[in-house]
Amino acid sequence: MTREIRTIERVPEAERHGRVSNQFSLWFGVNLQITAVVDGAIAITFGAEAMAAIIGLFIGNVIGGITMALHSAQGPRLGLPQMISSRVQFGVKGAALPLVLTILMYLGFQMTSVVLCGQALNLIFGWNAPVWGMVLFGLMTTCVAVVGYRLIHMIGRIASVIGLIGFGYIAIRLFAGYDVQSAFGQVDFTWASFILAIALAAGWQMTFAPYVADYSRYLPQRTSVRATFWSTFLGSVIGAQIAMTLGVLIAGALGTDAFLSSQVGSLGEIAGGGLVAIFIYAVIVVNKLSVNSLNAYGGFMCILTIITGWTNHRSVSQAVRTSIIVGFTVFATVVALIANEVGFLTVFKNFVLALLTVFIPWSVINLVDYYLISKERVDIPALYDPSGPYRAFNWVAIASYGIGVLAQLPFMSQAVYVGLVARALGGADLSWLIAIAVTFAVYFPWARRTQYVPDRLITGSADDSPARGARALG
């Protein structure tokens, strides 16, 4: 497997490869995994009736899927990692603001993946100490992320196939051995729980936005926006909806306490135990490896984007690349080990969910600029020059971003905080809708008057030449 050499620089057309259908298999496999199953089960813990939860999750997946697929469509056109392109809006150094919070999100999701897959690996090999399975999964994640783009896509294709087989078998066993019909009608419909289910799925999809273009940027530039959008959208939405619906049915049939207290073990029990259960544990590991590699790779890209924004570097050596990925994964694994021992994993997961509120304003700003203001015209060499036309800090975007975050506070309804308006609405969380509306209303008219927009897409004098004023790191 060829090791990836590109990092934050633009991918030259001569190195572009792959089929747009690969976006479907990658995002289908990434979403058809145990954490998405748990996400669906959580909708039941929020008090949603099962059918209402399934419909609400579908609506949220569609809304969030549209957003993340629009980001994916930027990849072939620009050939850039997602967060490098956000320098257009926030400035070369100002882009560090959302990046720091994005890194925290990656760490949180990677930590939960290490805990869950540590359980699965321990069950496969019969280990009693949690540390062995967690460390092994951390090593597996590191190896895949270091090799990079091609291996990540290959594992995504494998995950999509065995995930469909594994989770399909669990669904068959669930219907054959449990009273699934009893999952419906256990509670009355409420708008608050229905809206929370929508927010759960929309938030799930939007967490992919900061790195989704990283995995479409190698596609040939001639790849159409429409093709990239639909391949990404359908893979992500269908995969997530299958997994979340399964979570709703499992939680309704088994009870949320029984499932959420032992997610991995419960799936093995439904499968019937024995060798079949071991296969299901292996499916969990492979599918989580697919998404966890994205988290490690995305975390590396974010860290590198911050560093190079302040040091004026455009590329890094393989040694620096490997060191950042290893350090990121080791840190996440150590935190996961501590969390598993002292029991603050649930608190940290709630903290990660609260961080989702910072990604919606960023996403709105990025998409509004790219599709409505810049209209795909970007001066790519200028993205590596803080003294260039995009400047070090773009205070229009930064101020709009801050307003979009603060506007959500009264409407938030999460485990760590409930706003005044949300409390008056019986716990309904409308914060993400408010974030979209307010950020758009502030940023679009303001940026339309102030944003630098070149007359065409500028890639540089040579397709793979260094950007002006940039130098290599390491």
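Here the structure is a predicted model, which means the values were calculated and not measured. (Residues numbered from 1 in each chain as written. Predicted model: local features only at pLDDT ≥ 70, side-chain atom pairs only at ≥ 80, totals over all residues. Heavy atoms only, no water.)

### Quick notes on the overall build of the chain
In terms of regular secondary structure, the chain is built from 20 helices and 2 strands. The C-alpha radius of gyration computed for the chain amounts to 22 Å, which stays within 12% of the reference 23 Å derived for 474 residues, consistent with globular compactness. Within the chain, buried positions represent 59% of all 474 residues. Accessible surface for the chain amounts to roughly 17200 Å². Of this, 69% is attributable to carbon and sulfur atoms. In the chain, 27 side chains carry a positive charge and 20 a negative one; their mean positions are 10 Å apart. (Helix = DSSP H or I, 4+ residues; strand = E, 2+ residues; numbered from the N terminus. Rg over C-alpha atoms; globule rule 2.2 N^0.38 Å. Buried < 20%, exposed > 50% of the residue type's maximum accessible area, 1.4 Å probe, protein only. Areas by Shrake-Rupley, 256 points an atom, 1.4 Å probe, with all protein chains shown as cover. Lys, Arg positive; Asp, Glu negative; His and termini not counted. Charge placed at Lys NZ, Arg CZ, Asp CG, Glu CD.)

### Re helix 14 (residues 274–311)
Taking 1.5 Å of rise per residue, 38 residues should cover 56 Å, and helix 14 covers 55 Å from first to last C-alpha, within 8% of that figure. Its maximal kink placed at leucine 289, helix 14 deviates by approximately 25°. Two residues or fewer past helix 14, asparagine 312 is found with a positive phi of approximately 65°. (Expected span 1.5 Å × (residues − 1). Bend = angle between axes of the 7 residues up to and from the residue.)

### Describing unusual backbone geometry
A positive phi angle, near 50°, is found at lysine 375, a position not held by glycine. Mapped onto the elements, lysine 375 comes out in the loop between helix 17 (359–373) and helix 18 (395–406). Positioned with a positive phi, arginine 391 is a non-glycine residue whose angle comes to about 65°. Counting through the fold element by element, arginine 391 comes out in the loop between helix 17 and helix 18.

### Here we look at the packing of aromatic side chains
As enumerated under the stated definition, the model contains 23 aromatic pairs in all. Judged by centre distance (6.2 Å) and plane angle (70°), the ring pair of tryptophan 27 and tyrosine 215 falls under edge-to-face. Taken together, the residues span a long stretch of sequence, with tryptophan 27 in helix 1 (residues 21–31) and tyrosine 215 in the loop between helix 10 (191–206) and helix 11 (225–254) at a distance of 188 residues. Under the relative-accessibility criterion, tyrosine 215 is labelled buried at 0%. Between the aromatic rings of phenylalanine 189 and tryptophan 191, the centroid separation amounts to 5.2 Å while the plane-to-plane angle is 80°, which identifies the pairing as edge-to-face. Take tryptophan 191: its relative accessible area is 60%, and that puts it in the exposed class. Within the aromatic cluster, the residues linked to one another by ring pairs are Trp27, Tyr106, Trp204, Phe208, Tyr211, Tyr215, Tyr297 and Phe300. (Phe/Tyr/Trp six-rings, centres within 6.5 Å; stacked < 30°, edge-to-face > 60°.)

### Observations concerning the confidence of the model for the chain
Overall, the predicted model of the chain reaches an average pLDDT of 86, with 92% of residues at or above 70. Note on residues 463–474: pLDDT under 50 across the span, and 35 contacts to partners over four residues away in sequence or across chains. (pLDDT = per-residue confidence, 0-100. Contact = heavy atoms within 4.5 Å.)

### Quick look at the nonpolar core
Trp27, Tyr215, Ile250, Leu267 and Ile284 are the most contacted members of the largest nonpolar core, which totals 133 residues. For this core, the element with the most residues is helix 14, which contributes 15 residues. Ignoring any residue separated from it by four or fewer positions in sequence, one finds isoleucine 284 in contact with Ile34, Cys117, Ala120, Val264 and Leu267. (Core = buried A, V, L, I, M, F, W, Y, C linked by side-chain atoms within 4.5 Å.)

### Re a nonpolar patch on the surface
Nonpolar side chains collect at one region of the surface, where Phe24, Leu164, Trp230, Leu234, Ile238 and Ile242 lie side by side and expose about 510 Å² of accessible area between them. Sorting elements by how many residues they give to the nonpolar patch places helix 11 first, with 4 residues. Considering the arrangement of structural elements, one finds isoleucine 242 in helix 11. (Patch = residues over 30% accessible without salt bridge, like charges linked within 9 Å, V, L, I, M, F, W, Y side chains within 5 Å. Salt bridge = Lys/Arg side-chain N within 4 Å of Asp/Glu carboxyl O.)

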